[in-house]
Each structure stands twice: as structure tokens, then as C-alpha cells.
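Coordinate analysis (summary)
Single-letter residue listing:
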Amino acid sequence: MLDFRRIELTDRGWAEELLALADFRGSEYAFSNNYIYRKIYHIDVARMGDYYLVRSQKHAHEPSYLFPAGAGDLRPVIEALAEDAAAQGAPFRMHGACQKAVDQLESAFPGRFEFTPVRDNFDYIYERERLVTLSGKKLHAKRNFVNRFLAEHEGQWTFEPISDANLDECWAMNEQWCAEVGCEDSESLVEESCAVRNCFNNFHALGLRGGLLRVEGRVVAYTMGRPLNSDTFIVHIEKAFAEVAGAYPMINQQFVTNCCEGFQYINREDDVGDEGLRKAKTSYKPDILLEKYVVAEKQK
């Protein structure tokens, strides 16, 4: 039997070694993501050979398993996950499977599984260089917002990396942002707030990078993320005050320009089915809309 247990910060070292072997671009394959949502999704982890295994179970729902990340023979690992599900009296389901994972499963287990794309879980991935330059007709509106910000706050704005010296200011800004948007009135925002607090509490331990935007010394936007795989940086959080026109595109551009060097792509995660998020993330014209599937065994 697999030895699943609640994820801990001490798991980061071995987990990230195995995640690097898989080199997936999906947001579920960031150890930081697994950790900051551990309480909401009851995330447990286990190791089998050179595979990193994740089991999640939100509320009273049946458990779901992240498609394994690592290297080596996949077949015994999948069988072990299926046995773990059976031991809990649950059907065997996996999530976060990209097309590469689908192909691996079909090769190892021809005809055994069915694959259902889940649009709400698709990741929005962008060429970093496009987010830096905002060049081209498709990003004309974003460029205009940045230019408006620059014109309205000429000589009054600064960008700086997040550090111990300004982390508390970012948290204070986040608290004010939550009060303005009514975080306590939305289940999804309450859950996100929990994850955000985990990012602040474990900023260094999770290997996060961040940036903030000031206008006349006041923090008006901030963002956080970390390297995801060999060519992709993932952004976990981005907050800005709505009344500061252009603050969102400005913090986005400044962060990828100054803190994400060396990466070809920026993964800005999924939209969880929220229409506002979908509109905002689509407006940046993703270079890759990473399709992800739920995997289930076919009924016999």
C-alpha cells in the first residue's frame, strides 16, 4: 500500500526533484501550489520509486489523484493508485492530465481509461517576451493601459522585488483589497485568501519570488510566483487596486520583465470557471491554452 500523508514543507526537496523529471507545465505540478492549498483540498503526498504522488479530497467528495510526476515504469504506479482508491471504497480518478499524460496512459493501458477535458481547469500560458513588450495588435489595449498608468503617475511610481523589508506592506495592501472586494462573502475568495496567507507565511520556504508596485510610496499592486519547470514560470497571485487605472497590466509587465528572466513561458494558471477571470486571462491572448483532462476507468 502507498504511504500517503499530509504534505509538509520538508517534502519540497524530494518532490521538486521528481517534478523536474516530469517537467510538466500544468499548474498542479508546482509544489508550492500543492502546499498552499493543502488544507482546502486535504492534499496528501507519497513517493513510489521516482514518482511524486498527490491525493486530494475536497469536502466530502471522493478522492482524486494527480497524474503521477516522475520517471520510470508508469504501470505499477497507476495500479498502486487504483488499489489505494479501491481501499477507500472510491472509484479511481485522476486529474491534471495533459495530452502527454493521456498519450502515456493510452500506451500503457490501451482502452482502459476515458478522458474528459475540463475547460475550467485549462491553464493560460503566455510567451514571456510578449508580456514584456506588449507588442502587436492583439495587445494594443494592454499597452494603452500601461501607457495611461505611466502618463498619470510619471515620476511617482516604482517597482521593487518583494523582500523581508516590504512583505508586511504587501500583506496590508492585500487585506485592504479583500475588504474592498468582499472576500468574506465569497467561498472561492475565502479559499484563495487562505492560499494567499500561506504564500506570505512561507514566502522563502516555498522559493517564491514577488514584485510590488508603488504610487507615491503606497503599495497599489503586488504579485507572487516561482519557477515551474525548465522553461515556464508560474504566477500564483496578482492583486491590484481597481481604482488605479492600469495597475494590473503594469504589475504584470514589470514582474515578468524584472523577475522572470530566463523563462520562455509564463503560466497564469486556470480561471476556475469564473467569467471575470476568464475574460481577463483571455484578453492577454494566451499562446498556449493548456488542456487538462479528468481520467476515469471505463465502465465494464
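The structure displayed is predicted, hence computed values, not measured ones. The numbering scheme is per chain: residues are counted from 1 as the chain's sequence reads. Two thresholds apply to this predicted model, a pLDDT of at least 70 for residue-level local features and 80 or more for giving and counting side-chain atom pairs, whereas whole-chain, interface and lining totals are computed over all residues. Hydrogens and water molecules were not included; the side-chain quantities draw on all heavy atoms of the structure.

1. Remarks on helix 9 (residues 187-201)
Helix numbers and strand numbers start at the N terminus; a helix is a DSSP run of H or I with at least 4 residues, a strand a run of E with at least 2. Each residue after the first adds 1.5 Å to the expected span of a helix. For helix 9, spanning 15 residues, the distance from its first C-alpha to its last is 21 Å, which sits close to the expected 21 Å at 1.5 Å a residue. What helix 9 keeps buried is the set L189, E191, A195, V196, N198, C199 and F200. For every residue, the accessible area obtained with a 1.4 Å probe (protein chains only) is divided by the maximum for its type, and the residue is called buried under 20%, exposed over 50%, and partly exposed between those limits.

2. Considering the sheet that holds strand 11 (residues 218-227)
In space, the seven strands of this open sheet follow the order 9-10-11-12-13-8-14, with mixed pairing throughout. Both edges of this open sheet fall to strand 9 (157-161) and strand 14 (288-290), since each of them pairs with a single strand only. Strand-to-strand, the axes of this sheet are offset by a mean angle of 25°, without reference to chain direction. Think of it this way: DSSP has to see at least two bridges between two strands before they count as a pair. In this structure, strand 8 (residues 123-127) lies alongside strand 13 (residues 265-267), joined through three bridges in antiparallel fashion. Residue pairing in the sheet places I125 in a bridge with N267 of strand 13. Residue contacts are counted whenever heavy atoms from the two residues lie within 4.5 Å of one another. Here the axes come from fitting lines to C-alpha atoms, over the contacting stretch only for helices, and the angles between their N-to-C directions go from 0 to 180 degrees. Packing against the sheet, helix 8 (residues 167-181) makes contact with strand 10 (209-215), strand 11 and strand 12 (232-240), and its axis sits at approximately 105° to strand 11.

3. What to know about the pairing of strand 10
With six of seven residues buried, strand 10 lies mostly within the body of the structure. Both strand 9 and strand 10 contribute to a ladder of five bridges, which runs antiparallel. Of the residues in strand 10, the one forming a bridge with F159 is L213. In terms of strand pairing, strand 10 meets strand 11 through seven bridges, oriented antiparallel. Along strand 11, the bridge assignment pairs L212 with Y222. Hairpin connection from strand 10 to strand 11: two residues lie between these consecutive antiparallel strands, with E216 at a positive phi of about 50°.

4. Some words on the environment of A141
Mapped onto the elements, A141 comes out in helix 7 (residues 140-152). Using a relative accessible area of 45% as the deciding quantity, one classes A141 as partly exposed.

5. Structural notes on the environment of A15
Mapped onto the elements, A15 comes out in helix 1 (residues 12-22). When its relative accessible area of 0% is taken as the criterion, A15 is described as buried. In this structure, the C-alpha to C-alpha distance between A15 and Q88, residues 73 residues apart in sequence, is 24 Å. If we ignore the near neighbours within four places in the chain, the residues touching A15 are F31 and Y52.

6. Focus on the packing of helix 8 against helix 9
At a minimum axis distance of 11 Å, the contact between helix 8 and helix 9 shows a crossing angle of 175°. The angle between helix 8 and helix 9 places the two elements in the roughly antiparallel class. Touching L167, C170, W171, N174, W177, C178 and V181 of helix 8 are L189, E192, S193, V196, R197 and F200, all from helix 9. The classification used treats Ala, Val, Leu, Ile, Met, Phe, Trp, Tyr, Cys and Pro as nonpolar, Asp, Glu, Lys and Arg as charged, and all other residues, Gly among them, as polar. Partitioning the contact of helix 8 with helix 9 into residue classes produces nine nonpolar, two polar and two charged. Should an angle lie under 35 degrees it is considered roughly parallel, over 145 roughly antiparallel, and from 65 to 115 roughly perpendicular; all remaining angles are considered oblique.

7. Topic: the side chain of R130
Locating R130 in the fold gives a position in helix 6 (residues 128-133). Beyond its immediate sequence surroundings of up to four residues, R130 is in contact with S135, L139, Y284, K285, P286 and D287.

8. With respect to the packing of aromatic side chains
Only the six-membered ring of Trp is used, alongside the rings of Phe and Tyr, when aromatic pairs are assigned; centres must lie within 6.5 Å, and planes under 30 degrees apart are stacked while those over 60 apart are edge-to-face, with the rest tilted. All told, the structure shown has 15 aromatic pairs when counted by the stated rule. Each ring, one from Y37 and one from Y41, has its centre 6.0 Å from the other, and the planes form 65°; the classification is edge-to-face. With relative accessibility at 30%, the residue Y41 sits in the partly exposed group. Between Y126 and Y284, the ring centres sit 6.2 Å apart and the planes meet at 75°, which makes this aromatic pair edge-to-face. You can see Y126 sitting in strand 8 and its partner Y284 sitting in the loop between helix 11 (275-282) and strand 14, a full 158 residues away along the chain. What makes Y126 buried here is its relative accessible area of 0%. Taking relative accessible area as the criterion, Y284 reaches 7% and is therefore assigned buried. Site record: aromatic cluster; members linked through ring pairs are F4, Y65, F92, F109 and F113. Directly above the aromatic system of W171 lies the positively charged group of R197, at a separation of 3.8 Å from the ring centroid. A positively charged side chain is recorded as over a ring if its NZ (Lys) or CZ (Arg) lies within 6 Å of the ring centre. The angle to the ring normal must also be within 35 degrees.

9. Here we look at unusual backbone geometry
At H42, a position not held by glycine, the phi torsion is positive, near 50°. Along the chain, the position of H42 falls in the loop between helix 3 (38-41) and strand 2 (44-48). Residue L134 is not a glycine yet carries a positive backbone phi of 50°. Residue position: L134 is located in the loop between helix 6 and helix 7. Using a relative accessible area of 2% as the deciding quantity, one classes L134 as buried.

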